[in-house]
Amino acid sequence: MKRRPEQATLRPLQPQLGLPRCGWPKFFNVFPATPTGGSVEPDTRALPCSCRSSSLAGIRLIFAPLGLCASRSIRYRFHVSASCDTIGIGLAGFGTVGSGVWNMLARNGGLIADRARGALRFEIRRIVVRDPGKEREVTAPAELFTTDWQSVVEDPSVDVVVELIGGTDVAYELVAAALVAGKPVVTGNKALLAERGGDLFALSREHDTPIHFEAAVAGGIPIIKALQESLVGNRVSSITGIINGTSNYILMRMTEAELDYPAALKEAKELGYAEVDETLDVNGWDAAHKAILLGTIAHGFLIDPEEVYVRGIEYVRPLDIRFAKDLGYVVKLLCIVREHGDGSIEIRTQPSFIPKSHILASVNDVFNAVAVRGDAIGDALFYGRGAGQDPTSSSVVADLVEAGRLLRQGRGSGHRGFLPYRETGTLKPIDETETAYYVRFPVTDRPGVVADIASLLAEAGIGISGTHSPVDPDQPDAEFVDMVFLLHTCPFGTLKGALKKIEALDCVTERPVVFRIETL
Ligand SMILES: NC(=O)c1ccc[n+]([C@@H]2O[C@H](COP(=O)([O-])OP(=O)(O)OC[C@H]3O[C@@H](n4cnc5c(N)ncnc54)[C@H](OP(=O)(O)O)[C@@H]3O)[C@@H](O)[C@H]2O)c1
């Protein structure tokens, strides 16, 4: 006699599929075959003991047939539909962003529930930190804290894991374990996704469990969702971003207050705009990690960080900032992701000259901006706070709400276009990328210097659009001067070849300094 789905026995396939001890097994055989799918209250006796918990109360298994198995049963895929009252969060990290998420849920949790007609409530049930005894500005009940992240991932009362510890080692293990356990992950960790995203996205796909990462790029600016959702119908030809607030602040102070780099960095640290260890911010890698994520979303293939050209702001000198000003430009740490006619993608991060009149030139302080050019939308600009406790928490909480909605609907990630969707893609070699250039040559002040440099540039086929060599009023007869050349657009490789020859001239006293002049 055929049994109704409600009475069906669920038999976990866990051993056959090598599923982990903790978390939710994803496939069940339903006996006898019920071809239509449906939903049942789980018979918890059929579930692995680690899944038999009070958190099952009110949860329904929503299933749909995947096809006939060798036996007479039908193999079903199911997702947990968290129709219980509250979604449990395991919060890994209670630093700047983690404690901000705690505060924001406390402040606006009711509002979020109201907006979802009461259907979305969140509760932080466990908190992972390095030092539970540390004094903290934001307090949470002591019993929530642990140093044992595994126990948090395995805790049946935790439905979603939020990773806000940073780094690429423990964070990787934690995120991977959560995905394998079928628990959606929310993270703000751009380094983790840019460096090890390939493996994590593969796990996400394999276990049909989403990774949400709005906070990983440009803090509070919803650029990830904009690209994944609002602009999903566009072919994106370029993304240009100022996406590191610390560098932007330092460059602004070097421009406006004429500070040198060490003084501007010191000020940024005193104001809390730079980390104690500022390396990743000023060497360009923080911005590059974000650019890699933007490029992956826009162009669909994994980008190897080793193939990305990255330069930071540590070597920017007040002299170049001043010359830029004289010539009508400002210096910004720019990320460029650009599609070329041959389908190759140019991706690079470096301090560049942009015209004073361009809208990105007015992005100051620690603000971020991302300019997107799509074939349908044309130009769009996203502007706002790219870091900090509240703006970043805003993005984390938005992801939590999305994760909660998906859990409620009993759906997996659905791979909504943000996971890599192309097997391969080609990056344009940096030597083939073309812009105009500003090149400053420290030289001995003697007749014929300009002609010597110009003839080697001409030999390489590089046109000169201008020269600039202001006399220092304090040292009108100085022996050494700086000679600036503005060069027409040419491949970077061609410029490098010419500079090698010019550096060998006896009048050139130090390595030439190069900035790209961007046409945006
Ligand atoms: N800060 C921002 O404005 C911002 C903006 C966008 C994205 N993000 C990203 O968000 C993440 C968190 O940044 P944050 O500024 O909040 O960092 P943070 O202030 O340094 O906080 C890190 C937290 O993680 C905990 N932690 C670190 N290593 C751990 C380990 N091995 N095991 C257990 N707990 C560990 C720390 O514990 P203790 O408290 O005990 O030390 C601390 O609570 C990073 O990936 C960052 O790139 C930050």
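A brief look at the structure comes next. (Residues numbered from 1 in each chain as written. Predicted model: local features only at pLDDT ≥ 70, side-chain atom pairs only at ≥ 80, totals over all residues.)

A look at the overall build of the protein
Scanning the protein for helices and strands turns up 14 helices and 21 strands. Across the 520 residues of the protein, 42% fall into the buried class. Of all intrachain contacts in the protein linking residues separated by at least 6 positions in sequence, the fraction that spans at least 24 positions is 74%. (Helix = DSSP H or I, 4+ residues; strand = E, 2+ residues; numbered from the N terminus. Buried ≥ 20, exposed ≤ 12 C-beta atoms within 10 Å, placed from the backbone. Contact = placed C-beta atoms within 7 Å.)

Considering the packing of helix H13 (residues 449-459) against helix H14 (residues 492-503)
Contact geometry of H13 with H14 gives a least axis separation of 9 Å together with a crossing angle of 150°. With respect to their mutual orientation, H13 and H14 come out roughly antiparallel. Crossing hand, H13 versus H14: right-handed. Across from Ile453, Leu456 and Leu457 in H13, the residues of H14 making contact are Ala498, Lys501 and Ile502. Split into classes, the residues belonging to the contact of H13 with H14 amount to five nonpolar, no polar and one charged. (Axes fitted to C-alpha atoms, helices over the stretch in contact; angles between N-to-C directions. Parallel < 35°, antiparallel > 145°, perpendicular 65-115°, else oblique. Left-handed = near helix turned anticlockwise from the far one by under 90°. Nonpolar A, V, L, I, M, F, W, Y, C, P; charged D, E, K, R; others polar.)

Observations regarding the site of the ligand
Near the ligand, the surroundings consist of 23 residues, among which Gly93, Gly95, Gly166, Gly188 and Ala387 are the closest. If one sorts the elements of the shell around the ligand by residue count, helix H2 (residues 96-115) sits on top with three residues. Class assignment for the residues of the shell around the ligand results in nine nonpolar, 11 polar and three charged. (Near = placed C-beta within 6 Å.)

So, helix H10 (residues 285-299)
With 15 residues, H10 should cover 21 Å at 1.5 Å per step; its first-to-last C-alpha distance of 20 Å lies within 8% of that length. Among the 15 residues that make up H10, 15 are buried, leaving the element largely enclosed by the rest of the structure. A positive backbone phi angle near 80° is found at Gly300, which sits one or two residues after H10. (Expected span 1.5 Å × (residues − 1).)

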